[in-house]
Amino acid sequence: MDKKRIIEWLKTEDQSALDDLWRQADKTRQQEAGDEVHLRGLIEFSNYCRRKCGYCGLRADNQSLNRYRMSQDEILQCVEQAVKFGYGTVVLQSGEDFGFSTEWLEQIIKEIKKRTDLAVTLSVGERSMEELSRWKEAGADRYLLRFETSNPRLYRRIHPPLPGEQSDRISLLRRLRELGYEIGSGVMIGIPGQTYGDLAEDILTFQSLSLDMIGVGPFIPHDSTPLMKDFEMSQGSPEQVPNTEAMTYKTIALTRLHCPRANIPSTTALATLNKAQGRELGLERGANVVMPNLTPPEYRAMYEIYPAKACIAETAEQCHSCMKNRIRAMGRTIGKGRGDSPAFLHGSGKEQP
Ligand code: SAM
Ligand code: SF4
């Protein structure tokens, strides 16, 4: 599809055309990724962050947030739960926390690999090549790093570089692939200043990077961030992408059509907009992965990227049985094994022109 056609899809409100888009995306998902829904146990192990992303509640200068970093033992207890629940992957996610050392995370990865068959996904922000290669050698399998927007000007505005450093997540993704990681990325939908053309370009960028995993979710404004004001001002502008549920489904479906073999999660941000049905509708419109939360209840509320996050009061057991029941009720099966992306298994890593 060319960019113009993607923009037309993003703008359409024709319900029968959209029903057709959902059908096409679901069929492609079934043919290329199968009926299994893979479960990734998410461990939000630290909310310390040195960055000041304009959109995120964990940003360094949010003084109203209590900070925590889980101990190695606490993290390994969550990993045990992942094994007990039959997950194939754990995702270790944090703010860009420079308060833990390279060795500290290396030891955790090695311990997980020694004790279990789980795939390990890291999502700990922009780190040096030395750290990334040491963690890969320790056994990490995958890395999640959203490029947030493919528009360089918008990116600089919402994701300012640290003094004396550059931030280029797209080139970092390429380097992660060279190190042998399965690479995941994604964007937020409805960032203030994001146009339909920008979002269409994001989808084409997913395709040209041949991503193994692609997470897209609505931007949810947070009171303690600078983008709250911009968000209020941007509403009503005709080229502004709305941060709605409908726009998220369109983006998931179009992403599936452009990247048929990628793993695509139905995200927590989507479930936050529609707690009753958001996850299911994402899974019916192109997604094939969900990420049940394993973070201990005493820390969950402190990982406040955005307000009113779904599943904030639940325990890991409650999240697990809720997701399992929802997936079964849809007539889908729960994935067995690591759930590597079909794109990766078929030999990804070749960027498209
Ligand atoms: N610190 C790591 C990083 O930035 O890659 C990982 C954690 S970060 C909280 C994970 C993702 O949360 C970001 O890539 C961003 O897309 C998403 N996020 C942050 N603030 C958000 C908001 N207000 N609404 C929706 N998603 C948000
Ligand atoms: Fe930190 Fe990631 Fe939030 Fe940016 S998005 S402030 S790097 S946690």
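Relevant structure appears above.
Residues numbered from 1 in each chain as written. Chains lettered and ligands numbered in written order. Predicted model: local features only at pLDDT ≥ 70, side-chain atom pairs only at ≥ 80, totals over all residues. Heavy atoms only, no water.

Describe the overall build of the chain, naming the residues involved and giving the relevant values.
Looking only at helices and strands, the chain has 15 helices and 8 strands in total. A compact globule built from 353 residues would reach a C-alpha radius of gyration of about 20 Å, and the chain, at 19 Å, matches this within 12%. Oriented by its inertia axes, the alpha-carbon framework of the chain measures out at about 50 × 45 × 40 Å. A burial count over the chain gives 58% of its 353 residues as buried. (Helix = DSSP H or I, 4+ residues; strand = E, 2+ residues; numbered from the N terminus. Rg over C-alpha atoms; globule rule 2.2 N^0.38 Å. Buried < 20%, exposed > 50% of the residue type's maximum accessible area, 1.4 Å probe, protein only.)

An account of the site of ligand 1 is requested, with residue identities and associated values reported.
Neighbouring ligand 1 are 18 residues, the closest being Tyr55, Arg146, Glu148, Ile220 and Ile305. Arg146 has a polar side-chain atom sitting 3.0 Å from an oxygen atom of ligand 1. Taking Ile220, its main chain carries an N or O atom lying 2.8 Å from a nitrogen atom of ligand 1. Surface burial for ligand 1 is 92%, taken as the share of its 560 Å² of free accessible area covered by protein chains. Along the lines of polarity and charge, the residues of the shell around ligand 1 split into 9 nonpolar, 5 polar and 4 charged. (Near = heavy atom within 4 Å. Polar contact = N/O pair within 3.5 Å; in protein donor to acceptor, adjacent residues only side chain to side chain. Areas by Shrake-Rupley, 256 points an atom, 1.4 Å probe, with all protein chains shown as cover. Nonpolar A, V, L, I, M, F, W, Y, C, P; charged D, E, K, R; others polar.)

Summarise the site of ligand 2; cite the residues concerned and give the values.
Close to ligand 2 lie Cys49, Arg51, Cys53, Tyr55, Cys56, Leu58, Arg59 and Gly95. Split into classes, the residues belonging to the shell around ligand 2 amount to 5 nonpolar, 1 polar and 2 charged.

Now, about the packing of aromatic side chains: what can you tell me, with residues and values included?
The tally for this structure, following the rule as stated, stands at 9 aromatic pairs. Ring geometry for Phe45 and Phe100: centres 5.5 Å apart, planes at 55°, overall tilted. A residue pair is termed long-range when its members are at least 10 positions apart, and Phe45 in strand β1 (residues 36-46) and Phe100 in the loop between β2 (89-94) and α4 (102-115) qualify at 55 residues. The same class applies to Phe45 as to Phe100, namely buried. Three or more aromatic residues joined by ring pairs make a cluster, and in this case those are Phe45, Phe100 and Trp104. Above the ring of Tyr181, the side-chain terminus of Lys136 is found at 5.7 Å from the ring centroid. Here the guanidinium or amino end of Arg285 rests over the ring plane of Tyr249, the centre of that ring lying 4.8 Å away. (Phe/Tyr/Trp six-rings, centres within 6.5 Å; stacked < 30°, edge-to-face > 60°. Lys NZ or Arg CZ within 6 Å of the ring centre and 35° of its normal.)

Let's hear about helix α3 (residues 72-84): which residues, and what values?
In this model α3 runs 19 Å from its N-terminal to its C-terminal C-alpha over 13 residues, within 8% of the 18 Å that 1.5 Å per residue would give. Buried within α3 are the following residues: Ile75, Leu76, Cys78, Val79, Gln81 and Ala82. Packed against the buried residues of α3 are β1, β2, α4 and α14 (316-329). (Expected span 1.5 Å × (residues − 1). Contact = heavy atoms within 4.5 Å.)

A description of the packing of helix α1 (residues 3-11) against helix α10 (residues 245-258) should follow, citing residues and the corresponding values.
Relative placement of two packed helices is described by the angle separating their axes and the distance separating the axes. Where α1 meets α10, the axes come as close as 9 Å, and the angle between the chain directions of the two elements is 150°. As for the relative orientation of α1 and α10, their crossing is right-handed in sense. On α10, the residues that touch Ile6, Trp9, Leu10 and Lys11 of α1 are Met247, Lys250, Thr251, Leu254 and His258. Residues that form the contact of α1 with α10 fall into these classes: 5 nonpolar, 2 polar and 2 charged. (Axes fitted to C-alpha atoms, helices over the stretch in contact; angles between N-to-C directions. Left-handed = near helix turned anticlockwise from the far one by under 90°.)

Describe helix α2 (residues 15-33), and please don't skip the residues or the numbers.
Helical geometry: 3.6 residues make up each α-helical turn, so side chains three or four residues apart lie on a common side. In this model α2 runs 26 Å from its N-terminal to its C-terminal C-alpha over 19 residues, within 8% of the 27 Å that 1.5 Å per residue would give. Turning to α2, its buried residues are Leu18, Leu21, Trp22, Ala25, Thr28, Arg29 and Ala33. Taken around the axis of α2, the buried residues stretch over an arc of 135°, which confines them to a single face. Across from the buried face of α2, at angles greater than 90 degrees, the exposed residues are Ser16, Arg23, Lys27 and Gln31. Next to the buried residues of α2 lie α1, α10, α12 (278-284) and α15 (342-345). Of the residues flanking the start of α2, the one acting as N-cap is Asp14, its side-chain oxygen 3.0 Å from the backbone nitrogen of Ser16. Positive backbone phi, approximately 85°, marks Gly34, located one or two places after α2. (Arc of directions from axis to C-beta.)

How would you explain the state of the cysteines if you had to name every residue and give the values?
For the structure shown, the criterion picks out 0 disulfides. Counting only cysteine sulfurs, Cys319 is the nearest neighbor of Cys311, a cysteine outside any disulfide, at a range of 4.2 Å. (Disulfide = S-S within 2.5 Å.)

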